[in-house]
Amino acid sequence: MTATLIDGKAFAANLRTRIATEVAGLKDQGIVPGLAVVLVGEDPASQVYVRSKGRMTREVGMNSYEHKLPADTPQDALLALIDQLNEDPAVNGILVQLPLPKHMDEALVINAIDPAKDVDGFNVLNVGLLATGQKAMVPCTPLGCLMMLRDHLGSLSGKRAVIIGRSNIVGKPMAQLLLRDSATVTIAHSRTDNLPELCRQADILVAAVGHPRMVQGDWIKPGATVIDVGINRTDDGLVGDVDFDAAKEIAGAITPVPGGVGPMTIACLLANTLTATARVYGLPDPEGLTP
Ligand SMILES: Nc1nc(=O)c2c([nH]1)NC[C@@H]1CN(c3ccc(C(=O)N[C@@H](CCC(=O)O)C(=O)O)cc3)C=[N+]21
Ligand SMILES: [Mg+2]
């Protein structure tokens, strides 16, 4: 192995310690941040994430409110719950776990969340604020990736970044964040012509396509920093979108799966909840937790 391992699990644990310190400071002022997580349906993987989010929320000293609704919940009932959470002063952050059941309009539900409580940063107002360089709530997965990239590389200015994946959740907001840091950004996807050749030009390669081990060793520029956002359940367990065993011999640094981007996503959810709380009380943004 020649690549440096970017230890997202350790980075996330450190981030949560800093968040816990800030939360303790708020408590002295009588403020306890609260995060509401809404899960519709019984998807086992989603239940695991929601449980670990709840546990980590409480570990940093925040209140966790979990709402589990049956898969056949009418959309209006979910919208009524979101309204209630929007109005509740004890709730500073709201996360509606995606995907939602087929009978629901995801965009409509996400846009019903008060933008100030939209800790996923998926609401159109936050997407627009990020795209125009204004103070936004930033999606957790790209925020976590940005933190690891800055920590490993320092300045990202002038670096060539290729993001594989064009989702609203990862690819597009990742591009916005890298642009803000003056990287030269290309968004590629499953239909991109000559994808391996394009990837070989990347100083920073972010893989977020959802295809197990799609990125081969010879797609990677020697010394590049590789961020693997993929979480694919296969017969040989959890694997990323990058062929890790091949990539680690060529890349300069790489995130593992598990233990890379996933834990950072949850830590950034807590960071965003803290930021949302600070903003609602007119306090300055917590140091180092926002882009
Ligand atoms: N509104 C919404 N926001 C989300 O942020 C959101 C969502 N919906 N729906 C589902 C996905 C998935 N997601 C993960 C978070 C942490 C890990 C994580 O911590 N993974 C561990 C491994 C966990 C395991 O072993 O299964 C790791 O990579 O080391 C994975 C996946 C957040 N999501
Ligand atoms: Mg695809």
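Residues numbered from 1 in each chain as written. Chains lettered and ligands numbered in written order. Predicted model: local features only at pLDDT ≥ 70, side-chain atom pairs only at ≥ 80, totals over all residues. Heavy atoms only, no water.

The condition is simple: UniProt positions are given in the numbering used here, feature names are shortened, and annotations may be inferred rather than shown by experiment.
The name that an unreviewed UniProt entry assigns to the protein is Bifunctional protein FolD, with the source organism given as Paracoccus amoyensis. Recorded under Sequence similarities (unreviewed entry), the UniProt text for the protein is reproduced unchanged: "Belongs to the tetrahydrofolate dehydrogenase/cyclohydrolase family." Per UniProt, the protein has the following entry under Function (unreviewed entry): "Catalyzes the oxidation of 5,10-methylenetetrahydrofolate to 5,10-methenyltetrahydrofolate and then the hydrolysis of 5,10-methenyltetrahydrofolate to 10-formyltetrahydrofolate."

## A short note on the site of ligand 1
The line we're drawing: Consider each residue's heavy atoms; a residue with any of them within 4 Å of a molecule or strand counts as near. Polar contacts here mean pairs of N or O atoms no more than 3.5 Å apart (in protein, one a potential hydrogen donor and the other a potential acceptor; neighbouring residues in sequence count only if both atoms are side-chain atoms). Using a 1.4 Å probe, accessible areas were evaluated by the Shrake-Rupley method; residue-level cover was limited to the displayed protein chains. The way it works is a 1 Å grid over only the protein atoms, where trapped points that fit a 1.4 Å probe form a cavity and open points with protein on both sides within 12 Å along at least five of seven lines form a pocket, and then any residue with an atom within 4 Å of a point lines it. Any molecule with more than half of its atoms within 2 Å of a cavity's or pocket's grid points is regarded as sitting in that cavity or pocket. Helix and strand definitions follow DSSP, with helices as H or I runs of at least four residues and strands as E runs of at least two, each counted in order from the N terminus. Note on residue classes: Ala, Val, Leu, Ile, Met, Phe, Trp, Tyr, Cys and Pro are nonpolar, Asp, Glu, Lys and Arg are charged, and everything else, Gly too, is polar.
Around ligand 1 sit 17 residues in total, of which Val96, Leu98, Asp120, Pro258 and Gly259 are the nearest. One nitrogen or oxygen atom from the main chain of Gly262 is found 3.4 Å from an oxygen atom belonging to ligand 1. Summarising the interface, the protein chains cover 76% of the accessible area of ligand 1, which totals 670 Å² for the free molecule. Put simply, ligand 1 lies in the largest pocket. Going through the elements one at a time, helix H2 (44–59), strand E4 (93–96) and helix H10 (261–280) are the ones with two or more residues in the shell around ligand 1. It is H10 that contributes the most residues to the shell around ligand 1, four residues altogether. Its residues assigned to classes, the shell around ligand 1 comprises 10 nonpolar, four polar and three charged.

## Quick look at the pairing of E4
Residues in a regular strand project their side chains so that they alternate between the two faces of the sheet. The line we're drawing: Partly exposed residues are those whose accessible area sits between 20% and 50% of the maximum for their type, while under 20% is buried and over 50% is exposed, using a 1.4 Å probe and protein chains only. For two strands to be treated as a pair, DSSP must find no fewer than two bridges joining them.
Both faces of E4 are covered, namely the face carrying Gly93 and Leu95 and the face carrying Ile94 and Val96. Sheet topology places strand E2 (residues 34–40) next to E4; four bridges connect them, and they run parallel. From the neighbouring strand, Ala36 faces E4, where its bridge partner is Ile94.

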